[in-house]
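# Working through the structure, step by step
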Amino acid sequence: MAKKTFVVGAFSDEAVLFPAVKKVRTAGYKIHDVYTPFPVHGLDHALGMRETSLHTAGFIYGITGTTTALSCISWIFTKDWPLNIGGKPHFALPAWVPITFELTVLFAAVGMVLTFCYLCQLAPFVKKHTFHIRATDDLFIMAIECTDKTNTDELQAFLSSTGATEVNLQHAEAGWWYGRYDQEQQLITEPKATVA
Amino acid sequence: MHLKYESQLREPLVTGNKDYHQVTEDICRPIEAKPTKLWYVGFFIAVTLLMFGVYSVYREVTYGIGQWNLNKTIGWGWDITNFVWWVGIGHAGTLISAILLLFRQGWRTGVNRAAEAMTIFAVMCAGQFPIFHMGRVWMAFFVLPYPNTRGPLWTNFNSPLLWDVFAISTYFTVSLLFWYSGLIPDFATVRDRAKTKLRKLLYGVASFGWTGSTKHWQRHESLSLVLAGLSTPLVLSVHTIVSFDFATSVIPGWHTTIFPPYFVAGAVFSGFAMVQTLMLMLRKIFVLEDYITLGHIEAMNKVIVLTGSIVGCAYLTELFMGWYSQNKYEGYTFWYSRANLFSPYGWSYWGMMACNVISPQLFWSRKLRRNLFVTFFMSIIVNIGMWFERFVIIVTSLYRDYLPSSWSPYYSPSIWEMGFYAGTFGLFFTCFFLFAKYFPVIAIAEIKYVLKVSGDNYKAGVEKEEKMPVEEFVHEYAH
Amino acid sequence: MASIRAQFEIPGKMKTWSIALIAIGILAFIIGLVTKATHGEHGKVEFIGTLMYNSIFFTLVCNASMFFICATTLAMGGWQIAFRRVPEAISTVVPWFGGITWLILFYVVVIDHNHHIYHWLDEKAVDGDNILRGKKGFLNPTFYLVWTTLAIGLWILLGRRMRKLSSQADEKAMDAEEGQRYIWKNTVSAALFIVWFALTVGSTIPWLWQMSIDAHWYSTMYSWYTFASSFVSGMSLVALFVIYLKNKGYLEFTTQEHLHDIGKFMFAFSIFWTYLWFSQYMLIWYANIPEETVYFQHRVLGPYKGIFFLNLIINFVCPILILMKRGAKRNYTLITFMAVLIIFGHWVDFYQMVMGSLSKEHVTLGWLDFGIAAFFVGMIIMIVGKSLASKPLVAKYHPYLKESIIHHT
């Protein structure tokens, strides 16, 4: 991961955010990300993100659970150690349905949550750059990635013209690192300019 | 972006003119403030109860099951009654967070976090009973299927008791994951507001480094939806499997095919009662009346009258079949041991009927549904009734065996049996008090999500859409 | 501003089809009457049994529409308003099918006194049988008839009440207060219907109509199982008519989003049905008490084996595999296919519930069953078509209509 330069704009209303996203994208800038305090419906599409296929992964984990349960139990009860239980056949399928079901759900749920954490780089002691401290409170924060060619002043002016209430320039780590939130962020330089 | 509109006839879910920031403030306030005196008192009582429970369990573990008053035929008494009772209570949390999410009932947002916490603590309490009922609790790992030196003698996969092991542990795990994945963004909110170093550290760790990135939210929503979809059949399966513990047997009063859905309905019923009890306290103590409104209370009371009536329908079905089957053992259990008020445990059956079927019918009245006092009182009554239900099922079916020579003397619990039960209350409330103090008790992000649709101040903003003729409305907004 | 295309006109094709199906049904009835009903007791039982399970099945399926309306009303649902007139129209079939069912049952119990169908009608046998004698308080012609009449009668009356209320939303715009009152009136009527529904479909009616065919056998789950079966078929029927109207260019407010939710109902209740099926089957299999296993003996191991597993494949495996994906629930063709399959599957389920008890030695499924079913399907098409045409397709002034228009999943 590397440090990059971002122009960051804060929006206080999602109704302003949507047209702004559209304008910024049409102007050809690359939006690094938009940080919101809650899931804003349709924002992922506005940003041109593809649908997540997390649920497909869940389905595969689930099937794995089903297979694990059925194959283990049937091997144990028909091959490894057949027992006569209440006169039932060794291959007592109806009695195995509950455990099979539980393992299906368990595998799917655990697998999905782990995949989710992996994809989003979520774990204890993982730290990421905070573009705006109120992104988890009441502001919608748009971070635009700058290249060497970007005229940052122009971009800042443009961003505030789209309705951002607060605009600044940040030079920050784009990825994640191990760190603690009680220690100061070393990876950010002070914002250079602020346009009201 | 879609139009944010909801009919004005619907009660607002968030009152008091909130904006996003105010929501954060209101919900984080209890976490950031010093605990109140009331909190300390409650916490102290809970810990005391817990200690008593620990001692009761200590007696049972050291001296054996003989410390309890179980006897020859009543091998399951208070312990399994309490187990089923606690598991049942857990169900409402999952129902609120999962099934109501699928049904898109917006009011769940106000109560889901606390209800899910309740689920987890209730399942923790429930788990104690079968484990300590084993007697030699240090052998508890025998329930796990692993290659061993005892044969290899595997666990009995055909036994409902083993199904329980899988069901309860899966249920606990999945509920925990569901709950925690919802908590991550809210922990991030608390983290970003933290003033002290310790708080920054702890909430920073707990928040897993959440930023609120759009892609993460998209995945988060997908995850919640699938977890909800998984939890829905899961929650049904758990009480279903608990009911199988009874229904797969050939004991009169236990072996009946309606048990699975009827247990599930009963579980939801008792769970909602417990949610009511907790919510009424929470909203009062933490001043959350704007988020847990009368509308929320009323909605939950509707669920209570619905599930209470379903349970009632099942009770009557069973009672009817006890007669209709013309099976004399079934008939004896239902019509002598249960429905007859003057049989030894007849009081418990009628207690159950009064608490679970008759009294919830009060909630057909809108006025009573919205009365806090009645609601609180009823929530306690229902929980007592549902405890009776499990007691009735277990004890009245067991106390008279087929042979009169093996009928057992009247069963009443010993002090250590009761102490164990009291101890789980201690555990439950200790956990709940800690949760209420250190966790966001309302899902902050989810409240913000519904705020612009259901907040009272925003609802007035759609006056124009409300007045619009439908043709024009379609022209403007239909997809 | 385009006006709403709210007036359904019955296309000629719909008329032709319904009349053709009804004609096939009547033909099958007549041929059945001549070749089966008059040829010995076996043929007669088969003939009457076929009429019985068909009429019961289709009555309950159409009645499930009214249950859907009432349940969503009580849950304060808004999304279904855009197509609510469809289940309403389907529920207008209940008086017809209820009447037909009543006639058939009246014939069996009173006129024919057919103890080959209901063993408990044979007074001599009952007197010599301790168990049946004990059940006399419930299994007797008088109670049977009174309760059947009450059940069907009140379904019709309470259903009509709901439909009448619905028409009020065609008249004029409501302000907040009127809207509130309107919703309240709906809620009360819906609650009445639901309570009666629980007392009949949710408990007593399936015991009387179907379970008492095996006069000794009992299962507490039976009624809820029957309900699940008829409800999931009911939702499928709603889906079929919604798609039909969409294809004809009506119901412009109903979108894929609504269809998606109907699809979810079909999916979820297929699983719910399976859950009840499994609970009933597994508990009886596990406990292995002869009085109970007698019901499944010939169904699982005997001649009904094929139908038994077919039932599970159509009603469980297919819905869970096909309807799981989001895309499938939003695909008109796939939902149409699945709806037909589910209705067929549960029709087969009713077949094995009734005929599996009446004709234990051999499976009778054949031309007569399909012929009689054709009659009921034709009737549904005709009556629903007429009802749809008799009212606007959208309750224009319903307070929740706008919510339904912008509904998205």
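Residues numbered from 1 in each chain as written. Chains lettered and ligands numbered in written order. Predicted model: local features only at pLDDT ≥ 70, side-chain atom pairs only at ≥ 80, totals over all residues. Heavy atoms only, no water.

## Some details on the overall build of chain A
- Each helix and strand counted, chain A has five helices and six strands in total.
- Helices (α) and strands (β) of chain A occur, in sequence order from the N terminus, as β-α-β-α-α-α-β-β-α-β-β.
- Computed over its C-alpha atoms, the radius of gyration of chain A comes to 25 Å, more than 25% above the 16 Å expected for a compact globule of 196 residues.
- With the C-alpha coordinates of chain A rotated into their principal frame, the extents come out at 80 × 35 × 30 Å.
- Split into buried and exposed, the 196 residues of chain A put 49% on the buried side.
- Taking the intrachain contacts of chain A between residues at least 6 apart in sequence as the baseline, contacts between residues at least 24 apart amount to 77%.
- Taking the average place of the 15 positive charges on the side chains of chain A and the average place of its 18 negative ones, the gap between the two points comes to 7 Å. (Helix = DSSP H or I, 4+ residues; strand = E, 2+ residues; numbered from the N terminus. Rg over C-alpha atoms; globule rule 2.2 N^0.38 Å. Buried < 20%, exposed > 50% of the residue type's maximum accessible area, 1.4 Å probe, protein only. Contact = heavy atoms within 4.5 Å. Lys, Arg positive; Asp, Glu negative; His and termini not counted. Charge placed at Lys NZ, Arg CZ, Asp CG, Glu CD.)

## A short note on the overall build of chain C
- What chain C contains, in helices and strands, is 16 helices and zero strands.
- Rg of the C-alpha trace for chain C: 22 Å, near the compact-globule value of 22 Å for 409 residues, within the 12% margin.
- Viewed in the frame of its principal axes, chain C has a C-alpha envelope of about 75 × 45 × 40 Å.
- Counting across all 409 residues of chain C, residues that qualify as buried make up 62%.
- Within chain C, residue pairs in contact and separated by at least 24 positions form 82% of the contacts whose partners lie at least 6 positions apart.
- Carbon and sulfur atoms form 68% of the exposed surface of chain C, whose accessible area is close to 15100 Å². (Areas by Shrake-Rupley, 256 points an atom, 1.4 Å probe, with all protein chains shown as cover.)

## Digging into the packing of helix α2 (residues 40-74) of chain C against helix α8 (residues 176-209) of chain C
Residue and element names in this part refer to chain C.
- Two numbers describe how α2 lies on α8: the axes approach to 9 Å, and their chain directions differ by 150°. The angle between α2 and α8 falls in the class roughly antiparallel. Here α2 runs over α8; the crossing is left-handed. For the pair α2 and α8, contact is made by Met 52, Ile 56, Leu 60, Asn 63, Met 66, Phe 67, Cys 70, Ala 71, Thr 73 and Leu 74 and by Asn 186, Thr 187, Ala 190, Ala 191, Phe 193, Ile 194, Phe 197, Val 201 and Trp 209, respectively. (Axes fitted to C-alpha atoms, helices over the stretch in contact; angles between N-to-C directions. Parallel < 35°, antiparallel > 145°, perpendicular 65-115°, else oblique. Left-handed = near helix turned anticlockwise from the far one by under 90°.)

## Side note on the side chain of Ser 65 of chain C
Residue and element names in this part refer to chain C.
- As for its position among the elements, Ser 65 is in helix α2.
- Overall, Ser 65 belongs to the buried group, its relative accessible area being 1%.
- Those residues in contact with Ser 65 that lie beyond four places of it in its chain are Pro 87, Ile 90, Ser 91 and Val 238.

## What about the interface of chain B and chain A?
- Listed as interface residues are 58 residues of chain B and, on the opposing side, 64 residues of chain A.
- Both sides together, the interface formed by chain B and chain A hides about 5900 Å², and carbon and sulfur atoms give 70% of it.
- Remark: the boundary between chain B and chain A carries two salt bridges.
- A salt bridge links Lys 452 of chain B to Asp 13 of chain A; its shortest N-O distance comes to 3.1 Å.
- One can count 25 residue pairs in polar contact (both at pLDDT 80 or more) joining chain B with chain A. (Buried area = accessible area lost by both parts, 1.4 Å probe. Salt bridge = Lys/Arg side-chain N within 4 Å of Asp/Glu carboxyl O. Polar contact = N/O pair within 3.5 Å; in protein donor to acceptor, adjacent residues only side chain to side chain.)

## Describing the packing of aromatic side chains
Residues and elements named next belong to chain B.
- In this structure the tally under the stated criterion is 120 aromatic pairs over all chains.
- Here the aromatic rings of Trp 179 and Phe 435 are separated by 5.9 Å at their centres, their planes lie at 45°, and the arrangement is tilted. Of this pair, Trp 179 sits in helix α5 (residues 160-193) while Phe 435 sits in helix α14 (residues 415-438); the two residues are 256 residues apart in sequence, bridging distant segments of the chain. Accessibility classification places Trp 179 together with Phe 435 in one group, the buried group. (Phe/Tyr/Trp six-rings, centres within 6.5 Å; stacked < 30°, edge-to-face > 60°.)

## Some thoughts on the UniProt feature "transmembrane region" (unreviewed entry) in chain A
Residues and elements named next belong to chain A.
- When the UniProt feature table is mapped onto this chain, "transmembrane region" (unreviewed entry) is found at residues 59-77 and 97-119.
- This span, residues 59-77, is 100% helix and 0% strand, and a straight line between its end C-alpha atoms measures 27 Å.
- End-to-end, the C-alpha atoms of residues 97-119 are 32 Å apart, and along that stretch the chain is 100% helix and 0% strand. (UniProt positions renumbered as here; feature names shortened; annotations may be inferred.)

## A look at the interface of chain B and chain C
- Counting residues at the interface gives 56 residues for chain B, matched by 64 residues for chain C.
- Interface area for chain B against chain C, summed over the two sides, is near 4900 Å², with a carbon-plus-sulfur share of 69%.
- Looking at the side of chain B facing chain C, the largest losses of area belong to Leu 9, Thr 257 and Tyr 324 of chain B, adding up to 16% of the total buried there.
- Our enumeration of links across chain B and chain C arrives at two salt bridges.
- One salt bridge connects Arg 10 of chain B with Glu 403 of chain C, and the closest N-O pair in it is separated by 2.7 Å.

## Looking at helix α10 (residues 256-287) of chain C
Residues and elements named next belong to chain C.
- For α10, built from 32 residues, the straight-helix expectation of 46 Å at 1.5 Å per residue is met to within 8% by its first-to-last C-alpha distance of 46 Å.
- Most of α10 sits inside the fold, with 26 of its 32 residues counted as buried.
- Of the residues one or two after α10, Asn 288 is the one with positive phi, at around 60°. (Expected span 1.5 Å × (residues − 1).)

## Section: the pattern of salt bridges
Residues and elements named next belong to chain B.
- Under the definition given, this model contains 34 salt bridges over all chains.
- A salt bridge links Asp 26 to Arg 29, with the nearest nitrogen and oxygen atoms 2.9 Å apart. Here Asp 26 pairs with Arg 29, and both are found in helix α1 (residues 20-32), just three residues apart, close to one helical turn.
- Linking Glu 289 and Lys 284 is a salt bridge whose minimum nitrogen-to-oxygen distance equals 3.9 Å.
- Take Glu 289: its relative accessible area is 26%, and that puts it in the partly exposed class.

## Comments concerning the layout of surface pockets
Residues and elements named next belong to chain B.
- When its volume is computed, the second largest pocket comes out at roughly 970 Å³.
- Mapped by element, the contributors of at least two residues to the lining of the second largest pocket are α3 (78-102), α4 (108-133) and α5.
- Top element by residues in the lining of the second largest pocket is α5. It accounts for nine residues.
- Residue classes in the lining of the second largest pocket are distributed as 25 nonpolar, nine polar and three charged. (1 Å grid on protein atoms, 1.4 Å probe; cavity = no way out; pocket = protein on both sides within 12 Å on 5 of 7 lines; lining within 4 Å. Points joined across faces, edges and corners; volume = space filled by probe spheres on them. Nonpolar A, V, L, I, M, F, W, Y, C, P; charged D, E, K, R; others polar.)

## Regarding the environment of Thr 62 of chain B
All names here are of chain B.
- In this fold, Thr 62 is placed in helix α2 (residues 37-63).
- Counting along the chain gives 387 residues from Thr 62 to Tyr 449, while the straight-line C-alpha distance between them is 53 Å.
- Engagement of the side chain of Thr 62 in a polar contact is seen with the backbone oxygen of Tyr 58, the distance being 2.3 Å.

## Examining the environment of Ala 92 of chain A
- In this structure, Ala 92 of chain A sits in the loop between α3 (54-80) and α4 (93-119).
- On a C-alpha basis, the gap between Ala 92 of chain A and Val 34 of chain A in space is 54 Å, while along the polypeptide they are 58 residues apart.
- Apart from the residues within four sequence positions on either side, Ala 92 of chain A is in contact with Asn 158 of chain B together with Trp 285 of chain C.

## Things to note about the sheet that holds strand β5 (residues 166-173) of chain A
Residue and element names in this part refer to chain A.
- The sheet built from four strands is open, its strands ordered β2-β4-β1-β5 with antiparallel pairing. Of all the strands in the sheet, the pair left with one neighbour each is β2 (30-35) and β5. If you compare each strand with its neighbour and ignore which way they point, the axes differ by 30° on average.
- In the sheet, strand β1 (residues 3-11) pairs with strand β4 (residues 140-146) via seven bridges, with the strands oriented antiparallel. Within β4, the residue paired with Ala 10 across the bridge is Ile 141.
- Contacting β1, β4 and β5, helix α5 (residues 152-161) crosses the sheet at an angle of about 20° to β1. (Pairing = 2+ DSSP bridges.)

## Considering the nonpolar core
- Ranked by size, the top nonpolar core spans 344 residues in total, and within it Met 142 of chain A, Trp 86 of chain B together with Tyr 118 of chain C carry the most contacts.
- Here this core gets 18 residues from one element, more than from any other, and that element is α2 of chain C.
- The residues that make up this core include at least three from each of domain 1 (3-50 + 124-194) and domain 2 (54-119) of chain A.
- Setting aside chain neighbours within four positions, we find Tyr 118 of chain C in contact with Met 52, Leu 105, Val 108, Val 109, Tyr 144, Leu 208, Trp 209, Ser 212 and Ile 213 of chain C. (Core = buried A, V, L, I, M, F, W, Y, C linked by side-chain atoms within 4.5 Å. Domains from an automatic or database assignment.)

## Thoughts on unusual backbone geometry
- One non-glycine residue, Phe 208 of chain B, lies in the positive phi region at around 60°.
- Along the polypeptide, Phe 208 of chain B turns up in the loop between α6 (197-206) and α7 (214-247).
- For Phe 208 of chain B, a relative accessible area of 16% corresponds to the buried category.
- For Met 76 of chain C, which is not glycine, the phi dihedral falls at a positive 60°.
- Here Met 76 of chain C shows up in the loop between α2 and α3 (85-91).
- Residue classification places Met 76 of chain C among the partly exposed residues on the basis of a relative accessible area of 27%.

## Here's the deal with the packing of α10 of chain C against helix α14 (residues 332-358) of chain C
All names here are of chain C.
- The geometry of α10 relative to α14 is characterised by a closest axis approach of 11 Å and an angle of 30° between their N-to-C directions. When the interaxial angle is binned, α10 and α14 end up roughly parallel. Crossing geometry of α10 relative to α14 is assigned as left-handed. Taken together, the residues of α14 that come into contact with α10 (itself represented by Gln 256, Leu 259, Gly 263, Met 266, Ser 270 and Trp 273) are Tyr 332, Ile 335, Met 338, Ala 339, Ile 342, His 346 and Asp 349.
- Its residues assigned to classes, the contact of α10 with α14 comprises eight nonpolar, four polar and one charged.

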